[in-house]
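# Commentary on secondary and tertiary structure
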Amino acid sequence: MLNKSFLQKISKYISENSLLRKDCKYLVALSGGADSVILALTLKELGYKIEAAHCNFNLRGEESKRDENFCTDFCKKNDIALHTTHFDTISFAQLRKISIEMAARRLRYSFFDSLLKDLDMSAVCIAHHQDDSVETVLLNLIRGTGIHGLTGIKPQNGNIIRPLLCVTRKEIEDTLHDAKQGFVIDSTNLIDDVVRNKIRLDILPIMKRINPNINESIAKTAKRIGAIVNATDELIENAKNRIVIKECNGRIRLNTTVLQTETLSEEILFNILRDYTFNPPQIEQIHQMMETEPGKVFFSQTHQLLIDRNCIIIEPFNYNGSKRMIIPEEGVYAYGEDVKFRIELIDCKQGITIQKESNCCYADISKIQMPLTVRNTVNGDRFIPFGMNGSKLVSDYLTDKKMNLFDKQRQLVITDAKDNIIWLVSQRPDNRYRITKTTETVLKITRL
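Residues numbered from 1 in each chain as written. Predicted model: local features only at pLDDT ≥ 70, side-chain atom pairs only at ≥ 80, totals over all residues. Heavy atoms only, no water.

### Re helix H2 (residues 34–45)
Here H2 spans 16 Å end to end across 12 residues, near enough to the 16 Å set by a 1.5 Å rise per residue. Of all 12 residues in H2, nine are buried; the element is thus mostly enclosed. Taken as a whole, H2 has its buried residues at Ala34, Ser36, Val37, Ile38, Leu39, Ala40, Leu41, Thr42 and Leu43. Packed against the buried residues of H2 are helix H1 (4–16), strand S1 (25–29), strand S2 (49–56), helix H3 (62–77), strand S4 (123–125) and helix H7 (169–178). Gly47 occupies a position one or two residues after H2 and carries a positive phi of about 95°. (Helix = DSSP H or I, 4+ residues; strand = E, 2+ residues; numbered from the N terminus. Expected span 1.5 Å × (residues − 1). Buried < 20%, exposed > 50% of the residue type's maximum accessible area, 1.4 Å probe, protein only. Contact = heavy atoms within 4.5 Å.)

Printed below as a string of structure tokens:
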């Protein structure tokens, strides 16, 4: 039996945060360490229905086997059903080019998700405790992740529940010692070669010399910050509705004129851009430059961002400007997933109605050498805009139209076999191929 006051403390925390119900089944992540062992014992003694899951990542040789054997014996002794799996973590990490830590996390939670579904369980209980939350606050403070990172670990996040956040590592180990309950120790936790371990083994001990109750102080501060964050989140969401304009193909546009009037402008920008994998130093730069650096481009792992006049444009980083498509004859042609062109030849003897719409181009086929080519603009492209006599650089024409850099990169042209531009797509046809009184056959190009 565990210490009664310890059990009462956990029970109160579970109740205050509405974490668990007696009529549901829960999965306990069991590593064999002190934290997961006391979590399983606590929930069982409090009367919750639990089963355990152990992952052998095959990373520590005999230690990994020792941990699995301990979990097997522990669950038999305490009449807890155990589900065990083995992973080739190193191969998984190498194949996906991710860290061992990230690979283990993905494999672990994938296993938990499958068990929750197969066993019809409500959630998985993880043994994070107060020290873990304090370390997370300090880690996020060092990384500069913003105020959300200073709230510590949440008691519940989706189907992940953490009932031990109200107790410290020392309370856990003391309670296990009093109950004469053994556990295993992961030797890698004693090596200060990981940032979190450096905080645990080097930084926190120094802080405790200044304030012996530093864990409690940080935990209380994180709780207060959490309350403030909850209050400001609603304000930020309302501001985002005023600032963010969603466009097609995953693009969004931020109204920087409105953003600049917001009291929490940098925090609002951080809240928006972190979803597009921009890091804190980048976001700080973007905030500083959004008034003074139009044309500046930033790249994250997944997106590109352009500071434009009175706005910021963000879009997925999947642009391929080298693609070309040949059009040999009439028909409908798909240029990528979102753009199609219909090519038609119309006999003027049968009559023709010219539609003055940006998605259509009409040209005299006798002046054109087939096949046609669809491509992006390149440096040095020139054409003679319809109604004019002299040629003009396409880049200058688009600048005059106040087109932003991303749209310039995506601007399409249709050329003939000599690479002469027939149509600056959806903008303007070339004057050299205009229809005249002597035109017999019209080439009609429609962007669908």
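Let's pick the thread back up.
### A word on the side chain of Asp416
For Asp416, the position within the fold is in the loop between strand S19 (412–415) and strand S20 (421–424). Here Asp416 is buried and forms no salt bridge, its nearest opposite-charge partner Lys418 lying at an N-O distance of 6.4 Å. Excluding anything up to four places from it in sequence, Asp416 contacts Ile368, Gln369, Pro371, Leu372, Ile422 and Tyr433. (Lys, Arg positive; Asp, Glu negative; His and termini not counted. Salt bridge = Lys/Arg side-chain N within 4 Å of Asp/Glu carboxyl O.)

### Some details on the pairing of strand S10 (residues 303–308)
With six of six residues buried, S10 is to be regarded as a mostly interior element. Across three bridges, strand S9 (residues 297–299) lies against S10 in antiparallel orientation. Looking at S10, one finds that Val297 is bridged to Leu306. Across six bridges, S10 lies against strand S11 (residues 311–316) in antiparallel orientation. Paired with Leu306 across the bridge in S11 is Ile313. (Pairing = 2+ DSSP bridges.)

### Observations concerning the pattern of salt bridges
All chains considered together, the criterion is met by 24 salt bridges. Note that Arg242 is salt-bridged to Glu262, the shortest N-O span being 3.0 Å. Taken together, the residues Arg242 in helix H9 (residues 214–243) and Glu262 in the loop between helix H10 (256–259) and helix H11 (265–273) connect sequence positions 20 residues apart. We classify Glu262 as buried; its relative accessible area is 15%. Put simply, Glu247 and Arg251 hold a salt bridge, and the shortest N to O gap is 3.8 Å. Given the relative accessible area of 30%, Glu247 is considered partly exposed.

### Some details on the packing of helix H8 (residues 195–210) against H9
Helix packing geometry: the angle between the two helix axes and the distance between the axes. Close contact between H8 and H9 brings their axes to 9 Å; oriented N to C, the two are set at 100°. Here H8 is positioned roughly perpendicular relative to H9, judged by the angle of their axes. Across the interface between the two elements, Leu204, Met207 and Lys208 from H8 touch Ile214, Asn215 and Ile218 from H9. A breakdown of the residues in the contact of H8 with H9 according to their chemical character gives four nonpolar, one polar and one charged. (Axes fitted to C-alpha atoms, helices over the stretch in contact; angles between N-to-C directions. Parallel < 35°, antiparallel > 145°, perpendicular 65-115°, else oblique. Nonpolar A, V, L, I, M, F, W, Y, C, P; charged D, E, K, R; others polar.)

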